[in-house]
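Results of the structural survey
The chain contents come next:
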Amino acid sequence: MEDLEPTPRTVVITGAGAGIGRACVAAFAARGDRLALIARGRAGLAAAEHEARLAGAAEVLTVETDIADAQAVERAARLTEEELGPIDVWVNTAFASGLAPFTGTTPEEFRRVTEVGYLGYVFATRAALARMLPRDNGVVVQVGSALAHRGVPLRSACSGAEHAVQGFNEALRCELLASGTRVRTTTVQMPAGNTPRFDPVRSRLPDPAQPVPPIHRPEEAARAVLFAADHPKRREHRVGAGTVAGRVANAVAPGLLDRYLARTGYSARPARTGYSAQQDGRGRRTGDPDKRFAPVGAGRDFGTYGRFDDRFDDRGFRRRASRTLGGVAGGVRRAAGRVATGALSRIRRACAPRRPPGTEGVTMPPSTAPD
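Report on the accompanying structure.

Procedures and definitions
- Residues numbered from 1 in each chain as written.
- Predicted model: local features only at pLDDT ≥ 70, side-chain atom pairs only at ≥ 80, totals over all residues.
- Heavy atoms only, no water.
- Helix = DSSP H or I, 4+ residues; strand = E, 2+ residues; numbered from the N terminus.
- Buried < 20%, exposed > 50% of the residue type's maximum accessible area, 1.4 Å probe, protein only.
- Contact = heavy atoms within 4.5 Å.
- Areas by Shrake-Rupley, 256 points an atom, 1.4 Å probe, with all protein chains shown as cover.
- Pairing = 2+ DSSP bridges.
- Axes fitted to C-alpha atoms, helices over the stretch in contact; angles between N-to-C directions.
- Parallel < 35°, antiparallel > 145°, perpendicular 65-115°, else oblique.
- Left-handed = near helix turned anticlockwise from the far one by under 90°.
- Nonpolar A, V, L, I, M, F, W, Y, C, P; charged D, E, K, R; others polar.
- Salt bridge = Lys/Arg side-chain N within 4 Å of Asp/Glu carboxyl O.

1. A word on the overall build of the protein chain
Across its full length, the protein chain carries nine helices and nine strands. Burial statistics for the protein chain: of 371 residues in total, 46% are counted as buried. Put simply, of all contacts in the protein chain between residues at least 6 apart along the chain, 74% involve residues at least 24 apart. Counting every atom, the protein chain has about 19300 Å² of accessible surface; 56% of that belongs to carbon and sulfur.

Following this line, the structure appears as structure tokens:
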């Protein structure tokens, strides 16, 4: 029996103008889906629309929208259904970022990162569910990163926003399951990617920002989002060995990880720690763009890729991680088993009947209590 061609779906992608969102545009377009592309920058949206049509998208709609504006997101959702039909998949990838110590981040900057990186996801999800729930059909994919489970220095605003998205989505998932609806929400936790997000990011550090190696290609992220949209019953999808290893390390030895990430790494032999790994060592440039409050993509297309392909080759790291991660996981399971066995023994001893004082050496009658 021949495989049937997949039925085109209506897919909304926020943050579609650059980076992972742009890679997702190409991935869904190649399947012939109808796409609604949401972003703030006109140039990035126009380029994404052109690429989507070349890749084979059935239809493409672009909507210039700030997802931190709930009413604007609702208008974009309404326009999507008027132009393309009922929304089947909604993918949230938009964000705002920054790189600075917490004490060097202004309240306005913290608010903006939270509004886009957290409330934007809330507003977009609300607009999607308002249309999916009455039809009892649809998928919402929340794209995050390892920051959802492990905060890192210099990224307090982003870490807080991603933790908030994780908690919000877990609560929402429970409510959807309790309601009996077929609508699903799932998350995809991404590793560091070679995207242009680090070019316009606001930084108050000595050197320009960079993703923490190993650095992955945006296509890997897009394939994971496509898989998540097709398999929404899985609550969370993790991309990259580093994402998994970081979560395991945080679960097993969070205090040790705190101390490691706190090392600055500024020495004759710098280590890839929480501070040095987020800077590329080239020195800051004056006049770098800043997209936190204004969309730099309005007059410039930043595209899908960043500037890090020639600086890091993560294949060796990933091979080593793949070989060792299984051993690490096995060791964690064995250690957990030993802890559980010891705890069970202690519980049994604590629950055993105690002898009255002065009865040592006397045989006690069997218990007559029912099982």
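2. Focus on the sheet that holds strand β3 (residues 59–64)
Pairing in this open sheet of seven strands is parallel, and the strands run β3-β2-β1-β4-β6-β7-β9 from one edge to the other. In the strand order of this sheet, the two ends are held by β3 and β9 (236–238), each with one partner. Going from strand to strand, the sheet's axes swing by 15° on average, the running direction of each strand aside. Here three bridges tie strand β7 (residues 184–190) to β9, and the two strands are oriented parallel to one another. Residue Gln189 lies in a different strand from β9, and its bridge partner there is Arg238. Its contacts with the sheet put helix α3 (residues 70–84) on β1 (10–14), β2 (34–39), β3 and β4 (89–92), and the angle it makes with β3 is roughly 160°.

3. A few points about the packing of α3 against helix α4 (residues 107–135)
Between α3 and α4, whose axes approach to 8 Å, the crossing angle comes to 40°. Classified by the interaxial angle, the pair formed by α3 and α4 is oblique. Pair α3 / α4 crosses with right-handed handedness. Contacts from Ala70, Val73, Glu74, Ala77, Arg78 and Glu81 of α3 reach α4 at Phe123, Ala124, Ala127, Arg131 and Arg135. For the contact of α3 with α4, a count of residues per class yields six nonpolar, no polar and five charged.

4. A few points about the pattern of salt bridges
Within the structure shown, the criterion is met by 13 salt bridges. For Glu51, the salt bridge identified is with Arg22, shortest N-O distance 2.9 Å. Placement of the pair is Glu51 in helix α2 (residues 42–55) and Arg22 in helix α1 (residues 19–29), with a sequence separation of 29 residues. What makes Glu51 partly exposed here is its relative accessible area of 33%. The salt bridge involving Arg31 is made with Asp230; its shortest N-O contact spans 2.7 Å. A residue pair is termed long-range when its members are at least 10 positions apart, and Arg31 in the loop between α1 and β2 and Asp230 in helix α6 (residues 218–230) qualify at 199 residues. The class of Arg31 is partly exposed, set by a relative accessible area of 27%. Among the ionic contacts, a cluster of salt bridges with common partners joins Arg9, Arg31, Asp33 and Asp230.

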